Amino acid sequence: AYCLSCHAFDMKIPGGGAVATKAAATSRQVKRADKADIVVIGAGAAGFTAAITAHDAGAKVIIIEKQPITGGNSMLAAGGMNAAETVYQKEKGISDSVDLMYKDTMTGGGNLNDPALAMVLAKNSASSVDWLTHLGADLSDVGRMGGASVNRTHRPKGGAAVGAHITEVLRKNAAQRNIDIRINSKVVKILEDKKGRVIGVRVAGKHSGEYIIKAKAVIIAAGMTYVLIIAGID
């Protein structure tokens, strides 16, 4: 449906030009100001996960997505989701451990990985599979991808692409919760008060124009990042 212009060759592709240039902050006043507890920037798997988790904890959430559809790069993930000590591995008699997954992850990254983050990935991998399964995802097929010493790559039955499946499950769950998702909308500035605390975002909507959303916190989940910016919350 769109092109992220990630190809290395010089050729125009229909739907290209999706990579936006950095928007300059505008000084003009905007008349519209919405409110939310949390604004999530990006409607890929990380953004949906953050939004659903925040909503279920009682927060009012708004997701902002610059593309005309949700899913982001997560929809393109084809292989599977690595996880250790999962129920599906145990059902199949696969012997695995958090420590082994950590070791494989570090080795696969040439030991350039951040050890602490690699351990977080390994320790939380099984619970991530459990959470997605609880939402309705099928990750029961367990195979092996490069860098793994045992079968730990989880995907839908038949080995279907994991990204599109998980994204659709997250979309449905967001819809069931009536989470406010705004596509064709781009955050052009993260707003701060005089003390440097985040208080919201300025949004440029393709059809709605420019407006602001006042929020207690902003989660950046765009471009394969997942960074939480905390505002001063009393």
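This section reports on the structure supplied with the text. Keep in mind that this is a model prediction, so the values were computed, not measured. (Residues numbered from 1 in each chain as written. Predicted model: local features only at pLDDT ≥ 70, side-chain atom pairs only at ≥ 80, totals over all residues. Heavy atoms only, no water.)

Moving on, we get to the packing of helix H4 (residues 115-135) against helix H5 (residues 162-176). Between H4 and H5, whose axes approach to 9 Å, the crossing angle comes to 60 degrees. On the basis of their axis angle, the class for H4 and H5 is oblique. Seen along the crossing, H4 lies across H5 with a hand that is left-handed. Of H5, the residues touching H4 (which contributes Trp 131, Leu 132 and Leu 135) are Ile 166, Val 169, Leu 170 and Asn 173. Taken together, the residues of the contact of H4 with H5 sort by class into six nonpolar, one polar and no charged. (Axes fitted to C-alpha atoms, helices over the stretch in contact; angles between N-to-C directions. Helix = DSSP H or I, 4+ residues; strand = E, 2+ residues; numbered from the N terminus. Parallel < 35°, antiparallel > 145°, perpendicular 65-115°, else oblique. Left-handed = near helix turned anticlockwise from the far one by under 90°. Contact = heavy atoms within 4.5 Å. Nonpolar A, V, L, I, M, F, W, Y, C, P; charged D, E, K, R; others polar.)

Before going further, it helps to examine the pairing of strand S10 (residues 209-214). Across three bridges, strand S1 (residues 33-35) lies against S10 in parallel orientation. Within the sheet, the bridge partner assigned to Asp 34 lies in S10 and is Ile 213. Taken together, the six bridges between strand S9 (residues 198-205) and S10 define a ladder with antiparallel strand orientation. From the neighbouring strand, Arg 202 faces S10, where its bridge partner is Ile 212. From the end of S9 to the start of S10, which pair antiparallel, there are three residues. (Pairing = 2+ DSSP bridges.)

A word on the nonpolar core. What tends to happen in soluble globular proteins is that the nonpolar side chains get buried as a cluster. Membership of the largest hydrophobic core comes to 30 residues, with the highest contact counts inside it found for Ile 38, Val 40, Ile 63, Leu 132, Leu 139, Ile 166 and Leu 170. Elements with a contribution of two residues or more to this core: strand S2 (38-41), helix H1 (45-56), strand S3 (61-64), H4, H5 and strand S11 (217-220). Val 40 has contacts with Gly 47, Ala 50, Ala 51, Val 61, Ile 62, Ile 63, Ile 64, Ile 219 and Ala 221, leaving out every residue within four places of it along the chain. In terms of nonpolar packing, the next biggest core, distinct from the first, is built from 13 residues, Val 39, Ile 62, Ile 213 and Ala 215 among them. (Core = buried A, V, L, I, M, F, W, Y, C linked by side-chain atoms within 4.5 Å. Buried < 20%, exposed > 50% of the residue type's maximum accessible area, 1.4 Å probe, protein only.)

With that out of the way, let us pick up the pairing of S2. Neither face of S2 is left uncovered, since the one carrying Ile 38 and Val 40 and the one carrying Val 39 and Ile 41 both have all their residues buried. Summarising the sheet, S2 and S3 pair through four bridges and their orientation is parallel. Looking at S3, one finds that Ile 41 is bridged to Ile 64. Note: S2 against S11, four bridges, orientation parallel. Paired with Ile 38 across the bridge in S11 is Ala 217.

This part is about the pattern of salt bridges. All told, the structure shown has eleven salt bridges when counted by the stated rule. One salt bridge connects Asp 34 with Arg 32, and the closest N-O pair in it is separated by 2.9 Å. Ionic pairing is found between Asp 141 and Arg 155, a salt bridge with its closest N-O pair at 2.7 Å. Of this pair, Asp 141 sits in strand S5 (residues 141-143) while Arg 155 sits in strand S6 (residues 153-155), and the two are 14 residues apart along the sequence. Overlapping salt bridges, with partners in common, bring together Arg 32, Asp 34, Asp 180 and Arg 182 in one network. (Salt bridge = Lys/Arg side-chain N within 4 Å of Asp/Glu carboxyl O.)

Strand order in the open sheet formed by three strands is S4-S6-S5, with antiparallel pairing between adjacent strands. Because the sheet does not close on itself, it has two edges, and the strands there are strand S4 (81-82) and S5. Where S4 lies against S6, two bridges are found, and the strand directions are antiparallel. Note on S6: the bridge partner recorded for Met 81 is His 154.

The next thing to look at is unusual backbone geometry. Notably, Asn 178 is not glycine yet its phi reads approximately 55 degrees, a positive angle. Mapped onto the secondary structure, Asn 178 falls in the loop between H5 and strand S7 (180-182). On the basis of relative accessibility, which here comes to 69%, the residue Asn 178 falls in the exposed class. If you check the backbone angles, Asn 184 has positive phi at about 55 degrees while not being a glycine.

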